[in-house]
Amino acid sequence: MNPSSAFQALYETIVKLRSPDGCKWDREQTPSTLRGDLVEETYECLEAIDENDPDHIAEELGDLFLLAAMISYMHEQEGKFSVADVLTKVNEKLIRRHPHVFGEVKVKDSDEILQNWARIKVEQEGRKPKDSILDEVSSGLPPMDRACKLQKKAAKAGFDWSDMDGVIEKIIEEIDEVKDAYGQNSGILEEELGDLLFSAINLCRFLKVEPSTALRRTNVKFSERFKYVEKKMKETGKDMKKENIDTMEKFWNEAKE
């Protein structure tokens, strides 16, 4: 099937599911009830991309297409806008914001493309300029991703470290402040730990590593090693508890090797 006929088939399936003789569960859903699914499927898609598994990526992207089309159709049913409106608007926006591709504008690099993008949003689309460049970063992003984007915005305005040593020194400073805050009230400790996390994210950003991607990889690595420890402990007949930490650490080191 070509893309247009494939999407038409998906649309017709959604219409059937939401019809009186369709699926009761699908008819009961609203844009609000699908918010959690949208977030979950996005992260599952990111996981598939990290695995570099084409079949899994295609499956998860399909789930995202389904949710986007389903939520769009819910609004179509209420007469607010149609699925076609959604597709038309995003296509028009892509063409409008890429005058260097669909027009005569000349650009020298990606930075200039992004500058044009921002100017078009204000001059052609009537978007109100933000009071601060940091206001351009959505407050709805997960905290780690938002921290990284805030830092990138500040860095583009010249507010950045001159070298990696400065970033690392800041992390060491924040660790010392966490030590000083230990034993104080939870609010102070929480603040200092937040500063430490923010500084670690800044190091990732400075080294051009996406912190969420790095942490996902570490989560996978930790899970695999811990499962190995569980398996070996079970084989030796020992319980997973603090009293057996020396044995668990031995198996942990085996897993690392």
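Rules and cut-offs
- Residues numbered from 1 in each chain as written.
- Predicted model: local features only at pLDDT ≥ 70, side-chain atom pairs only at ≥ 80, totals over all residues.
- Heavy atoms only, no water.
- Helix = DSSP H or I, 4+ residues; strand = E, 2+ residues; numbered from the N terminus.
- Rg over C-alpha atoms; globule rule 2.2 N^0.38 Å.
- Buried < 20%, exposed > 50% of the residue type's maximum accessible area, 1.4 Å probe, protein only.
- Contact = heavy atoms within 4.5 Å.
- Core = buried A, V, L, I, M, F, W, Y, C linked by side-chain atoms within 4.5 Å.
- Axes fitted to C-alpha atoms, helices over the stretch in contact; angles between N-to-C directions.
- Parallel < 35°, antiparallel > 145°, perpendicular 65-115°, else oblique.
- Left-handed = near helix turned anticlockwise from the far one by under 90°.
- Nonpolar A, V, L, I, M, F, W, Y, C, P; charged D, E, K, R; others polar.
- Patch = residues over 30% accessible without salt bridge, like charges linked within 9 Å, V, L, I, M, F, W, Y side chains within 5 Å.
- Areas by Shrake-Rupley, 256 points an atom, 1.4 Å probe, with all protein chains shown as cover.
- Salt bridge = Lys/Arg side-chain N within 4 Å of Asp/Glu carboxyl O.
- Lys, Arg positive; Asp, Glu negative; His and termini not counted.
- Charge placed at Lys NZ, Arg CZ, Asp CG, Glu CD.
- Expected span 1.5 Å × (residues − 1).
- Polar contact = N/O pair within 3.5 Å; in protein donor to acceptor, adjacent residues only side chain to side chain.
- 1 Å grid on protein atoms, 1.4 Å probe; cavity = no way out; pocket = protein on both sides within 12 Å on 5 of 7 lines; lining within 4 Å.
- Points joined across faces, edges and corners; volume = space filled by probe spheres on them.

**Remarks on the overall build of the chain**
- When its secondary structure is counted, the chain shows 12 helices and zero strands.
- When the helices and strands of the chain are listed from N to C terminus, the series reads α-α-α-α-α-α-α-α-α-α-α-α.
- Taken over the C-alpha trace, the chain has a radius of gyration of 25 Å; the compact-globule value for 257 residues is 18 Å, which it surpasses by more than 25%.
- Across its three principal axes, the chain shows a C-alpha extent of roughly 65 × 50 × 40 Å.
- By the burial criterion, 22% of the 257 residues in the chain qualify as buried.
- Within the chain, residue pairs in contact and separated by at least 24 positions form 48% of the contacts whose partners lie at least 6 positions apart.

**Some remarks on the nonpolar core**
- Within the largest apolar cluster, nine residues are counted, these being Ile14, Leu34, Leu67, Ala69, Met70, Ile71, Tyr73, Met74 and Val83.
- Top element by residues in this core is helix α4 (residues 54-77). It accounts for six residues.
- Setting aside its immediate chain neighbours within four residues, Tyr73 contacts Tyr11, Ile14, Val15, Arg18 and Val83.
- Listed in part, the five residues of the second largest apolar core include Val167, Ile171, Val178 and Leu196.

**Overview of the packing of helix α1 (residues 3-17) against α4**
- Orientation of α1 relative to α4, taken along the N-to-C sense of each, is 55°, at an axis distance of 10 Å. Judged on the interaxial angle alone, α4 and α1 are oblique. Relative to α4, α1 is oriented so that their crossing is right-handed. Seen from α1, the contacting residues are Phe7, Leu10, Tyr11, Ile14 and Val15; seen from α4, they are Phe65, Leu66, Ala69, Met70, Tyr73 and Glu76.
- For the contact of α1 with α4, the per-class residue count stands at 10 nonpolar, no polar and one charged.

**Re a negative patch on the surface**
- A cluster of like negative charges, contributed by Glu47, Glu51, Asp53, Asp55 and Glu59, occupies part of the molecular surface.
- Looking at the negative patch, the elements with two or more residues in it are α3 (35-51) and α4.
- Looking at the element boundaries, Glu47 is found in helix α3.

**Considerations on the pattern of salt bridges**
- Tallied over the entire structure, the rule returns 14 salt bridges.
- What emerges from the salt-bridge pattern is a single network uniting Arg96, Arg97, Glu125 and Arg127.

**Brief notes about helix α7 (residues 110-123)**
- In this model α7 runs 20 Å from its N-terminal to its C-terminal C-alpha over 14 residues, within 8% of the 20 Å that 1.5 Å per residue would give.
- Sitting at the head of α7, Asp109 places a side-chain oxygen 3.3 Å from the backbone nitrogen of Asp111.

**A short note on unusual backbone geometry**
- A positive phi angle, near 55°, is found at Asn52, a position not held by glycine.
- With respect to the helices, strands and loops of the structure, Asn52 is situated in the loop between α3 and α4.
- With relative accessibility at 62%, the residue Asn52 sits in the exposed group.

**Here's the deal with the layout of surface pockets**
- The volume enclosed by the largest pocket comes to roughly 560 Å³.
- Around the largest pocket, the lining is made up of 15 residues, and of these Leu114, Ala118, Lys121, Glu136 and Lys153 lie nearest the centre.
- Secondary-structure elements contributing two or more residues to the lining of the largest pocket are α7 and α8 (143-156).
- Among the elements that make up the lining of the largest pocket, the one with the highest residue count is α7 (seven residues).
- In the lining of the largest pocket, the residues fall into six nonpolar, one polar and eight charged.
- What the second largest pocket holds in volume is close to 330 Å³.
- Around the second largest pocket, the lining is made up of 15 residues, and of these Gln151, Phe159, Trp161, Phe198 and Asn202 lie nearest the centre.
- Of all the secondary-structure elements, those providing two or more residues to the lining of the second largest pocket are α8, α9 (164-181) and α10 (186-206).
- The residue inventory of the lining of the second largest pocket, partitioned by class, reads seven nonpolar, three polar and five charged.

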